[in-house]
Amino acid sequence: MQALITGITGQDGSYLAEFLLGKGYKVYGLIRRSSVEKFERIASFMDDIELVEGDLTDQSSLDGVISAIKPDEVYNMAAQSFVPVSYSQPVLTGEVTGLGVIRILEAIRKHHPRAKFLQASSSEMFGKVRETPQTEKTPFHPRSPYGVAKVFGYHITVNYRESYGMFACSAIGFNHESPRRGLQFVTRKVTYQVARIKCGLSKKLPMGNLEAKRDWGFAGDYVRAMWMILQQSEPEDFVLATGKTHSVRELLAAAFKAADLNWQDYVDIDPKLIRPAEVDDLCGDATKARGKLGWVPEISFEELIKMMVEADLELVRRVEMGPRLQTRTLTISR
């Protein structure tokens, strides 16, 4: 089996690549040409995958990749996925996160229509929720340019499935995190700053809305479900979620507890960090995924946050404190 993963250098792409390698797949990863290479997340298995150049904003590059590889499965993990940036760069977000999906689908339709396609959709599509918990049938009401772009990606995937008979599915993933999460996302922002505070490198953590609630799970669990979706006999869409919500306040409490600290001693509220249109409460109902796929998340919220804090403590001690200790040793020896 051959799989093409867009966004392979991101959190989900890297976990998915590892998972597929474990299943014996030949894994290709789509990367953009860049003067700066960011391969940290895939460094440990770089020799086991093949990277190919392409861009979601360039149809010809995607045509060339699909035509050359003819993958059995295509996983679209690439996106401009940071919600605040989607407000400052809405056109870019639409081009990549929205129109990028139709470009991939077109490349598959023209050059290898037998390929199975998985679109990584998002709970941000529900936005101002109409019902709780959210299922595959809950109406969308996105509250950010990112959410709007994801809604387009979702609907165009359905359209290509119905119009051309393609095996095209969406995994509507609720928030999933890991030590590989980008530092700009709230979970990783918290765990990394907790680690810096614990190591004496920072004193305060500025935060926005502490009452927003999310359904947080482990990215490794979610990519396993994405693979399971493409192993079904018929293409369908699935909500992937834990079914449990936690507020940002609870996130702070869990992260600081993992470092034996009291969050209230270190957190300051910064009004500038509150979004123009907040999504207050997202909670997914993954009954369909449990019933049809047999999928159950294995890592709990508390285990996830503890995992992330411990990984960031190791990172801070190695990257930030290591050079300081070396400098101090050199100074003393002189």
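In case you missed it, the structure is sitting above this.
What you see is a predicted model, and the numbers here were worked out from it, not measured in a lab. (Residues numbered from 1 in each chain as written. Predicted model: local features only at pLDDT ≥ 70, side-chain atom pairs only at ≥ 80, totals over all residues. Heavy atoms only, no water.)

**Q** Would you explain the overall build of the protein in this entry?
**A** Along the protein, the regular secondary structure elements total 10 helices and 13 strands. Taking 2.2 N^0.38 as the reference for a compact globule, 334 residues should give roughly 20 Å; the C-alpha atoms of the protein span a radius of gyration of 20 Å, in line with that estimate. Seen through its C-alpha atoms, the protein measures out along the principal axes to roughly 65 × 50 × 40 Å. The buried share among the 334 residues of the protein stands at 53%. Long-range pairs, those at least 24 residues apart, make up 78% of the contacts in the protein between residues at least 6 apart in sequence. When the accessible surface of the protein is summed, it comes to about 15400 Å², and 50% of that surface belongs to carbon and sulfur atoms. Across the protein, 43 positive and 42 negative side-chain charges occur, with their mean positions spaced 3 Å apart. (Helix = DSSP H or I, 4+ residues; strand = E, 2+ residues; numbered from the N terminus. Rg over C-alpha atoms; globule rule 2.2 N^0.38 Å. Buried < 20%, exposed > 50% of the residue type's maximum accessible area, 1.4 Å probe, protein only. Contact = heavy atoms within 4.5 Å. Areas by Shrake-Rupley, 256 points an atom, 1.4 Å probe, with all protein chains shown as cover. Lys, Arg positive; Asp, Glu negative; His and termini not counted. Charge placed at Lys NZ, Arg CZ, Asp CG, Glu CD.)

**Q** Even after reading the chapter, I still don't get the packing of aromatic side chains, so can you show me in this structure?
**A** Aromatic ring pairs: the centre-centre distance and the angle between the two ring planes describe each pair. Going through the model one piece at a time under the given rule, you end up with 10 aromatic pairs. Ring plane angle 80° and centroid distance 5.4 Å describe the contact between Tyr 222 and Trp 295, whose orientation is recorded as edge-to-face. Note that Tyr 222 is positioned in helix 7 (residues 219-229) and Trp 295 in the loop between helix 9 (287-293) and helix 10 (301-333), a separation of 73 residues in sequence. We classify Tyr 222 as buried; its relative accessible area is 0%. Above the plane of the ring of Tyr 28 lies Lys 26, whose end atom (NZ or CZ) is 5.4 Å from the centre. (Phe/Tyr/Trp six-rings, centres within 6.5 Å; stacked < 30°, edge-to-face > 60°. Lys NZ or Arg CZ within 6 Å of the ring centre and 35° of its normal.)

**Q** Help me understand the pairing of strand 2 (residues 26-31) in this model?
**A** Across a regular strand the side chains alternate sides, sitting on one face of the sheet and then on the other. Burial within strand 2 is extensive, with 5 of its 6 residues counted as buried. Pairing of strand 1 (residues 2-6) with strand 2, which is carried by 5 bridges, proceeds in the parallel orientation. Note that in strand 2 the partner of Thr 6 across the bridge is Leu 30. The parallel pair strand 1 and strand 2 is bridged by helix 1 (residues 11-22), and the resulting crossover is right-handed. With 4 bridges joining them, strand 2 and strand 3 (residues 50-53) adopt parallel strand pairing. Note on strand 3: the bridge partner recorded for Gly 29 is Leu 51. (Pairing = 2+ DSSP bridges. Right-handed = clockwise from strand over helix to strand, strands pointing away.)

**Q** What's the story with helix 6 (residues 186-198) in this structure? I'm lost.
**A** The end-to-end C-alpha distance of helix 6 is 18 Å, a good match for the 18 Å that 13 residues give at a rise of 1.5 Å each. For helix 6, the buried fraction is high: 10 of the 13 residues fall into the buried class. Gly 200 occupies a position one or two residues after helix 6 and carries a positive phi of about 75°. (Expected span 1.5 Å × (residues − 1).)

**Q** Even after reading the chapter, I still don't get the environment of Ser 44, so can you show me in this structure?
**A** With respect to the secondary-structure elements, Ser 44 resides in the loop between strand 2 and strand 3. Residue Ser 44 is classed as exposed on the basis of its relative accessible area of 65%. Measuring from C-alpha to C-alpha, the distance between Ser 44 and Glu 18 comes to 9.5 Å, with 26 residues separating the pair along the chain.

**Q** Can you help me understand the packing of helix 4 (residues 90-111) against helix 5 (residues 145-164) in this one?
**A** Angle between the axes and distance between the axes are the two parameters that describe a pair of packed helices. In the contact formed by helix 4 and helix 5, the axes pass within 8 Å of each other and the chain directions differ by 15°. Overall, the two elements helix 4 and helix 5 adopt an arrangement that is roughly parallel. Seen from above, helix 4 lies across helix 5 with right-handed handedness. Where helix 4 approaches helix 5, its residues Pro 90, Thr 93, Gly 94, Thr 97, Gly 98, Leu 99, Val 101, Ile 102, Leu 105, Glu 106 and Arg 109 are matched on the opposing element by Pro 145, Tyr 146, Ala 149, Lys 150, Phe 152, Gly 153, Ile 156, Thr 157, Tyr 160 and Tyr 164. (Axes fitted to C-alpha atoms, helices over the stretch in contact; angles between N-to-C directions. Parallel < 35°, antiparallel > 145°, perpendicular 65-115°, else oblique. Left-handed = near helix turned anticlockwise from the far one by under 90°.)

**Q** Before we go on, may I ask you to explain the pattern of salt bridges in this structure?
**A** Once the charged atoms of two side chains with opposite charge are near each other, the side chains can pair. Per the counting criterion, the structure on display carries 18 salt bridges. Its salt-bridge partner being Lys 292, residue Glu 236 comes within 3.0 Å of it at the nearest N-O pair. Here Glu 236 is found in the loop between helix 7 and strand 11 (238-240), whereas its partner Lys 292 is found in helix 9, with 56 residues between them in sequence. (Salt bridge = Lys/Arg side-chain N within 4 Å of Asp/Glu carboxyl O.)

**Q** Mind showing me how you'd approach the packing of helix 2 (residues 59-69) against helix 4 here?
**A** The geometry of helix 2 relative to helix 4 is characterised by a closest axis approach of 9 Å and an angle of 45° between their N-to-C directions. Classified by the angle between their axes, helix 2 and helix 4 sit oblique to one another. The two elements helix 2 and helix 4 cross, and the hand of that crossing is right-handed. On the side of helix 2, the interface is formed by Gln 59, Leu 62, Asp 63, Ile 66 and Ser 67, while helix 4 contributes Arg 103, Ile 104, Glu 106, Ala 107, Ile 108, Lys 110 and His 111. Split by residue class, the contact of helix 2 with helix 4 holds 5 nonpolar, 3 polar and 4 charged. (Nonpolar A, V, L, I, M, F, W, Y, C, P; charged D, E, K, R; others polar.)

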